[in-house]
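Topology and contacts: notes
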Amino acid sequence: MLVDQLRRHGVETVFTVAGESFLPVLDALYDEPAIRTVACRHEAGAAIMAEAHARLRGDLGVVFVTRGPGAAHASVGVHNASESSTPLLLFVGQVPTAHRGRGAFQEVDIEAWFAPMAKWAVEVENPEHLSEVTADAARVAREGRAGPVVVSLPEDVLAAHLSVPDAPVAEPPGRPEPGPGELEQLRSLLTGSTRPMVIVGGGAWDPATALALASWAEQNHLPVAVSFRRQDYLDNRSPCYIGHSGVGVVASLADRILRADLIIAIGTRLGDTATRGYTLLKPPNPDQALVHIHVDPEELGRVYKPTLGICAGIPETVAALSAAPPLPGQPWRNWAAGARADYEATLPPPPAPGAVDFGQVMTYLDSRLPPEAILTNGAGNYTLWPQRYYRFKQYGTQLGPQSGAMGYAVPAAVAAKLRHPDVPVVAVSGDGDFLMTGQELATAVQYDTPIIVLVVNNGMLATIRMHQERTFPGRPSATDLDNPDFAAYARAFGAFGATIERTRDFPPAFEEALDARVPAVLDILVDPEAILPHNTLSEVRRQAQTG
């Protein structure tokens, strides 16, 4: 019943770490040729793969794990799906209903545990309800602001034999459309502006919406910034693209956001990552109007009260904006051109200390990879290199953890390569980040997904060290890493492995990794001083000591 519902809802792949608590599901998947079952090495990796898969396909991602520790490990993927507005279904095997509440082995109250981070957490207590609950879970995960749903599956419920009709398939929910009056008011605010700024982000985008955004922005010469790890929403080569706002925002863009007389936020939640800790926007501000467009009414006015709040689907709104005639006058053209010039001035990476300049590595990848290549990353200071010096050229080519979780890069890359086997997939991972889920190299080898992993190896947790040096200069604690030979580690899995000690060694090693046609790890030895693209560890320490 459960697997039938998944197939009827269009699910084509499920990710799992097998557990005895859901053996009947594994057995049902054995007989379901329409659904590929991917066996992962850790539940966190499985949940991340399912979330990344959902983002790439624009629909449900599915993961099965066992109770207790399995659910605990998978929670990192659930949290990220919540932060990234991704429709994810996590199914958790549970103790038999007769054992509930009696301290059974690995028993956890799944509903109470996941309620704060999931859109819905539910336990199926009656096998007659299994089909209906699965269909409801698909509906809830997809509707409104998409997100994760967690379903607890007691062993006896899964093992029951009965005959009940299949629940109706939950069709993808319709989204509200912007009203004509709202669109006219937005056009009126734009017409009266001289320094507008568009900031886009959030979930529920697709290739057509990204193209419609480019059409609207370019017809009206509007400057467009993207929020945290959403750089593939607009071709970075577009004359309207001006960089990413929020975490890691460059000073010139931050200054322009503060000086804008009109902010049009489309799809993005105006939280701390989009607003650099709530410092880029400061309404109510008589000198800066705010238009906020979001499908979830609870996001409108949650932090900032908008001049105009539009509760509507993002694809519907962007399509309506692009279909309208260009705005007359457009007195902001010089403002927009200046913002683009500011962005282009940040593209050449500054020289970095040490024998490997990772900025030059990114510049090489930017020129070498085709537009459809997919880059994934985990969390850490090293992510600023791809975010600043690699230009994302089409929608669906950037996968990064909206939750800031480490360990995202490798599992996400495996999911991307499974989804798009003919597209180059590069995972950019820190040394600390890599070892959190590096065991998924085994999954990559098993399923013949030749991803290329770049390990930025500087022997430390650089983000935390940066904060330590700012707060407690010269007193590092628990941030040094004594790393293994990552190239040898890769070869132990049957993958390609190479160590990069000089910048000029990277291009030939990368080409060799591409030609190997197996998963690959390039261990890139970066000077610990190169803690940020624009700042060294010594400079951070000096700034802290001098105030």
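Presented here is an overview of the structure given in this document.

About the criteria used
- Residues numbered from 1 in each chain as written.
- Predicted model: local features only at pLDDT ≥ 70, side-chain atom pairs only at ≥ 80, totals over all residues.
- Heavy atoms only, no water.
- Core = buried A, V, L, I, M, F, W, Y, C linked by side-chain atoms within 4.5 Å.
- Buried < 20%, exposed > 50% of the residue type's maximum accessible area, 1.4 Å probe, protein only.
- Contact = heavy atoms within 4.5 Å.
- Phe/Tyr/Trp six-rings, centres within 6.5 Å; stacked < 30°, edge-to-face > 60°.
- Helix = DSSP H or I, 4+ residues; strand = E, 2+ residues; numbered from the N terminus.
- Lys NZ or Arg CZ within 6 Å of the ring centre and 35° of its normal.
- Salt bridge = Lys/Arg side-chain N within 4 Å of Asp/Glu carboxyl O.
- Pairing = 2+ DSSP bridges.
- Axes fitted to C-alpha atoms, helices over the stretch in contact; angles between N-to-C directions.
- Polar contact = N/O pair within 3.5 Å; in protein donor to acceptor, adjacent residues only side chain to side chain.
- Parallel < 35°, antiparallel > 145°, perpendicular 65-115°, else oblique.
- Left-handed = near helix turned anticlockwise from the far one by under 90°.
- Nonpolar A, V, L, I, M, F, W, Y, C, P; charged D, E, K, R; others polar.

**With respect to the nonpolar core**
Leu186, Leu190, Met197, Val200, Trp216, Ile264 and Ile266 are the most contacted members of the largest nonpolar core, which totals 52 residues. With near-sequence residues (within four places) excluded, leucine 190 lies in contact with Pro196, Trp216, Leu222, Leu262, Ile264, Leu327 and Trp332. Listed in part, the 49 residues of the second largest apolar core include Leu88, Ala413, Val423 and Ala490.

**Topic: the packing of aromatic side chains**
Under the counting rule described, the total for this entry stands at 14 aromatic pairs. Relative to phenylalanine 506, the ring of tyrosine 364 lies with its centre 5.9 Å away and its plane at 85°, an arrangement referred to as edge-to-face. With a gap of 142 residues between them, tyrosine 364 in helix H13 (residues 358-368) and phenylalanine 506 in helix H20 (residues 506-516) connect regions that are remote in the sequence. One aromatic cluster in this structure is built from Phe434, Phe486, Tyr489 and Phe493. The ring of tryptophan 335 is capped by arginine 256, whose NZ or CZ atom sits 4.8 Å from the centre of that ring. Against the face of tyrosine 390 rests lysine 393, its NZ or CZ located 4.6 Å from the ring centre.

**Concerning the pattern of salt bridges**
What the rule picks out here adds up to 24 salt bridges. In this structure, arginine 7 engages aspartate 4 in a salt bridge whose closest nitrogen and oxygen atoms are separated by 3.3 Å. Pair noted here: arginine 7 and aspartate 4 are both in helix H1 (residues 2-8), with a separation of three residues, about one helical turn. With a shortest N-O distance of 3.9 Å, aspartate 136 and arginine 139 are connected by a salt bridge. You can see aspartate 136 and its partner arginine 139 sitting in helix H6 (residues 130-142), three residues apart, about one turn around the helix. For arginine 139, a relative accessible area of 31% gives the class partly exposed.

**Considering the sheet that holds strand E18 (residues 520-525)**
Read across the sheet, six strands follow the order E14-E13-E15-E16-E18-E17 without closing on themselves; strand pairing throughout is parallel. What marks the edges here is a single partner per strand, and that holds for strand E14 (398-399) and strand E17 (496-500). Docked against the sheet, H13 engages strand E15 (425-430), strand E16 (452-457) and E18, running at close to 165° with respect to E16.

**Comments concerning unusual backbone geometry**
A positive phi angle is found at histidine 221, which is not glycine, with a value near 55°. Note that histidine 221 resides in the loop between helix H9 (207-220) and strand E8 (224-226). What makes histidine 221 partly exposed here is its relative accessible area of 30%.

**What about the side chain of threonine 86?**
Mapped onto the elements, threonine 86 comes out in the loop between helix H4 (69-84) and strand E4 (88-94). In this structure threonine 86 comes out as buried when scored by relative accessible area, which is 1%. Only 3.2 Å separates the side chain of threonine 86 from the side chain of glutamate 51, close enough to count as a polar contact.

**A short note on the environment of glutamine 468**
Secondary-structure assignment places glutamine 468 in helix H18 (residues 462-471). Once residues lying within four places of it in the same chain are set aside, the contact partners of glutamine 468 are Pro473, Pro476, Ser477 and Thr479. Reaching out from glutamine 468, the side chain makes a polar contact with the backbone oxygen of serine 477 at a distance of 2.6 Å.

**What about the sheet that holds strand E11 (residues 289-294)?**
The strand order across the open sheet formed by six strands is E9-E8-E7-E10-E11-E12, and the pairing between neighbours is parallel. Only two strands of the sheet have a single neighbouring strand rather than two, namely strand E9 (241-244) and strand E12 (308-311). Direction aside, neighbouring strands of the sheet carry axes that sit 15° apart on average. Where strand E7 (residues 196-200) lies against strand E10 (residues 262-266), five bridges are found, and the strand directions are parallel. Bridge pairing in E10 places methionine 197 opposite isoleucine 263. The sheet contacts of helix H8 (residues 180-191) involve E7, E10, E11 and E12, and relative to E12 the element is tilted by about 145°. The strands touched by helix H12 (residues 333-345) within the sheet are E7 and E9, with E9 carrying the most contacts at an inclination of about 50°.

**With respect to the packing of helix H10 (residues 251-259) against H12**
With their axes 9 Å apart at the nearest point, H10 and H12 run at an angle of 155° to one another. Of the possible angle classes, the one that applies to H10 and H12 is roughly antiparallel. Of the two elements, H10 crosses H12, and the hand of that crossing is left-handed. The residues of H12 that touch H10, namely those facing Ser252, Arg256 and Arg259, are Trp335, Gly338, Ala339 and Asp342. Each residue belonging to the contact of H10 with H12 can be placed in one class, and the counts come to two nonpolar, two polar and three charged.

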